[in-house]
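# Architecture and fold: a report
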Amino acid sequence: MYVQQIFTMVVTMPLSLMIGKLAQVFLNIFYRPSKEHFKSGGSVVCYDILMDFKQAVVQPNSIHMFLKKFTKVVDISVIDDSDVTLYCINSKNFVFVRTRKGVDLYDSIAHPIFFMVQHETAIELMTVPHSAVFEYVSRKALPADHGPSITLLYNISRCGSTLVTSMVAKTKQRVVISEPFALINVAEIINTPDRHVSADLSSEYYELIRSTLLVLAKDYSKSYFIKVPGIITASLLHLAHRSLPGVKELFLYRALKPTVSSLRRMMGPAFFWVTAEVLLLGHPLKYRQIWKLVKVRDPQRKVFFQFLCQFHPFYIEARTRRELKSYSYESLIRDKEGFCRSFLADIGIGQEFQEVALSALDRDSQENSAMSRKRLLGRKDTVPLEACEWAREVGRQYFNIQLEGEDFMVTNCPNSWESYGLVQSQGYGTFEGTAL
């Protein structure tokens, strides 16, 4: 399987993308929008999708992963169509896709990863300038509480977040969006400038985050539960609740050793090696500066560092926001009923739905995805103790994160729920201000 993965990365994917780019050049010559198309006042540029060039299990969503042909320019109200959803965001445009009829993207039981099923079922692609989306969203009347009911579940990846999301989905009390890729795009835009983003400067990003959340949760009469992708996104904790007051936020984590081991089994050693460095580049400047001080070649230590960076923004925010609660995968395993009861209460779902929520534990929450237990069965991996000890020291010295026990569990996570209640910790980290 790993040989096939390497062949895909080294040969199949680059070849298909190269051919696709050449074909796209010719299509853009003969099919492209002109000034005449925009005379009607429309701002949404539409393309028919002719072919999908996605060849890997986990591949950044992008308009370049499709072979597409321009068809028309239409009014921005099209983004409110039930079969049109936000796909990704680049430096200029919000990108939407229209998906095949009969596909329920919000059925996270059948489709555990939102952005993957979007890509697999897309038939039309639409690009809209940032400014047009900002203006359109600002014109829509919001409820008195500043927006729809939205809960954001931040996490560190491979920590049971898909399982917890399935528990919420089973209750049918929330519209569930599991890993919209647009939130990674927003984090990249915010994180990557080579300067620190202070509270004053961060206001320039408020409109981007606000519009993204309101386009994802576009039916203001409903309540949404959004599982945030678990890489480079924790920095949004500083901005989301300021951009859209009333947003509820929670954090889910797991002991770091089994987390790294699980990610390596899922990705495979080749993909793991290639992506480890790339992930680090997506974190805020403060973390990239620390990485320069501790930089190593070992990809497993790089991934440990990535998880520490995903932890730390929560630590900082929790210093002043006691309502920010954290849950661990280990506490779910120890006390399923207590975990479920507390978690549902935190997001406003009644105890009468506890039994049906717990039924999610009876199946593999990622059964219908490339990360299912069946597909990962037989993939064994061990994380060297030296890498774990390195992470323990870096966590202690630069993040004030304490890793203890044979699984290297975070023992000072703020506002952490356990079956005996909330554990308050003073381990908020060494930074002043925010992670940005």
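### Digging into the overall build of the protein chain
Assigned secondary structure in the protein chain consists of 16 helices and 14 strands. The proportion of buried residues among the 436 residues of the protein chain is 58%. The long-range fraction of contacts in the protein chain, counting pairs at least 24 apart against all pairs at least 6 apart in sequence, stands at 78%. Carbon and sulfur atoms form 55% of the exposed surface of the protein chain, whose accessible area is close to 18,900 Å².

### Re the pattern of salt bridges
The final tally for this structure, using the stated rule, is 18 salt bridges. Residue R98 pairs with D81 through a salt bridge whose shortest N-O separation is 3.3 Å. Of this pair, R98 sits in strand β4 (residues 93–99) while D81 sits in the loop between β2 (66–74) and β3 (84–89), and the two are 17 residues apart along the sequence. Looking at D81, the relative accessible area reads 30%, which means it is partly exposed. E404 is the partner of R392 in a salt bridge, and the nearest nitrogen-oxygen pair spans 3.7 Å. Of this pair, R392 sits in helix α16 (residues 385–399) while E404 sits in strand β11 (residues 403–404), and the two are 12 residues apart along the sequence. A residue is classified by how much of its surface remains accessible, and E404, at 39% relative accessible area, is partly exposed.

### Some remarks on the nonpolar core
Counting 118 residues, the largest nonpolar core has F305, F311, F343 and F399 as its most contacted members. In terms of residues, this core owes the most to one element, helix α11 (residues 299–318), which gives 11 residues. When sequence neighbours within four positions are dropped, the list of residues in contact with F311 reads I156, F251, Y253, R254, L256, I401, V410 and C413.

### Quick word on the packing of aromatic side chains
Inspection of every chain in the model, using the stated rule, returns 19 aromatic pairs. Considering the side-chain rings of F251 and F314, the 4.8 Å spacing of their centres and the 10° angle between planes classify their relative orientation as stacked. Here F251 is found in strand β9 (residues 248–253), whereas its partner F314 is found in helix α11, with 63 residues between them in sequence. The pair F251 / F314 is uniform in exposure class, with both members buried. Measuring from ring centre to ring centre gives 5.3 Å for Y327 and F343, while their planes differ by 70°; the resulting arrangement is edge-to-face. Here the residue Y327 occupies a position in strand β10 (residues 325–328), and F343 occupies one in helix α13 (residues 336–346), the gap between them amounting to 16 residues. In this structure, Y327 and F343 share a single accessibility class: buried. One aromatic cluster is present, built from ring pairs that chain together F225, Y327, F339, F343 and W417. Lying across the ring of Y47, K68 places its NZ or CZ 5.8 Å from the centre.

### A short note on the confidence of the model for the protein chain
Taken residue by residue, the protein chain gives an average pLDDT of 85. The fraction at 70 or more is 81%. Every residue in residues 1–7 is under pLDDT 50, and counting partners more than four places away or in other chains gives 12 contacts. Across residues 424–432, where pLDDT falls below 50, the model places 36 contacts with residues more than four positions away in sequence or in other chains.

### Points about the side chain of R254
By the secondary structure assignment, R254 is in the loop between β9 and α8 (256–267). Here R254 occupies a buried position and makes no salt bridge, while the nearest side chain of opposite charge, E330, is found at 4.5 Å. Reaching out from R254, the side chain makes a polar contact with the backbone oxygen of R158 at a distance of 2.8 Å. Aside from chain neighbours lying at most four places away, what touches R254 is I156, R158, C159, T259, S262, F311, Y329, E330 and M409.

### Considering the sheet that holds strand β5 (residues 122–129)
The sheet built from 5 strands is open, its strands ordered β2-β1-β5-β4-β3 with antiparallel pairing. The sheet terminates laterally at β2 and β3, the two strands that pair on one side only. Ignoring which end each strand starts from, the neighbouring axes of this sheet average 30° apart. When strand β1 (residues 44–52) meets β2, the two strands line up antiparallel, connected through 8 bridges. The residue of β2 that forms the bridge with V44 is V74. Each of β1, β2, β3, β4 and β5 is contacted by helix α2 (residues 114–121), which is oriented at about 110° to β3, the strand it contacts most. In the packing of helix α3 (residues 130–139) onto the sheet, the strands contacted are β3, β4 and β5, and the crossing angle to β5 comes to about 85°.

### Regarding α2
Burial within α2 is extensive, with 7 of its 8 residues counted as buried. Buried within α2 we find F114, F115, M116, V117, Q118, H119 and T121. Packed against the buried residues of α2 are β1, β2, β3, β4, β5 and β7 (175–178).

### Considering the packing of α11 against α16
As a packed pair, α11 and α16 sit with axes 9 Å apart at the nearest point and diverge in direction by 35°. Relative to α16, the crossing made by α11 is right-handed. Of α16, the residues touching α11 (which contributes R301, F304, F305, L308, C309 and H312) are E386, A387, C388, W390, A391, V394, G395 and F399.

### Some points on the packing of α8 against α11
Two measures define how a pair of helices packs: the angle their axes make with one another and the distance between the axes. In contact at an axis separation of 10 Å, α8 and α11 are set at 120° when each is read in the N-to-C sense. Taken as axis vectors, α8 and α11 run oblique relative to one another. The two elements α8 and α11 meet at a crossing, and its hand is right-handed. On α11, the residues touching L256, K257, T259, V260, L263 and R264 of α8 are Q300, V303, F304, F307, L308 and F311. Partitioned by chemical class, the residues of the contact of α8 with α11 number 8 nonpolar, 2 polar and 2 charged.

Calculation criteria
Residues numbered from 1 in each chain as written. Predicted model: local features only at pLDDT ≥ 70, side-chain atom pairs only at ≥ 80, totals over all residues. Heavy atoms only, no water. Helix = DSSP H or I, 4+ residues; strand = E, 2+ residues; numbered from the N terminus. Buried < 20%, exposed > 50% of the residue type's maximum accessible area, 1.4 Å probe, protein only. Contact = heavy atoms within 4.5 Å. Areas by Shrake-Rupley, 256 points an atom, 1.4 Å probe, with all protein chains shown as cover. Salt bridge = Lys/Arg side-chain N within 4 Å of Asp/Glu carboxyl O. Core = buried A, V, L, I, M, F, W, Y, C linked by side-chain atoms within 4.5 Å. Phe/Tyr/Trp six-rings, centres within 6.5 Å; stacked < 30°, edge-to-face > 60°. Lys NZ or Arg CZ within 6 Å of the ring centre and 35° of its normal. pLDDT = per-residue confidence, 0-100. Lys, Arg positive; Asp, Glu negative; His and termini not counted. Polar contact = N/O pair within 3.5 Å; in protein donor to acceptor, adjacent residues only side chain to side chain. Pairing = 2+ DSSP bridges. Axes fitted to C-alpha atoms, helices over the stretch in contact; angles between N-to-C directions. Left-handed = near helix turned anticlockwise from the far one by under 90°. Parallel < 35°, antiparallel > 145°, perpendicular 65-115°, else oblique. Nonpolar A, V, L, I, M, F, W, Y, C, P; charged D, E, K, R; others polar.

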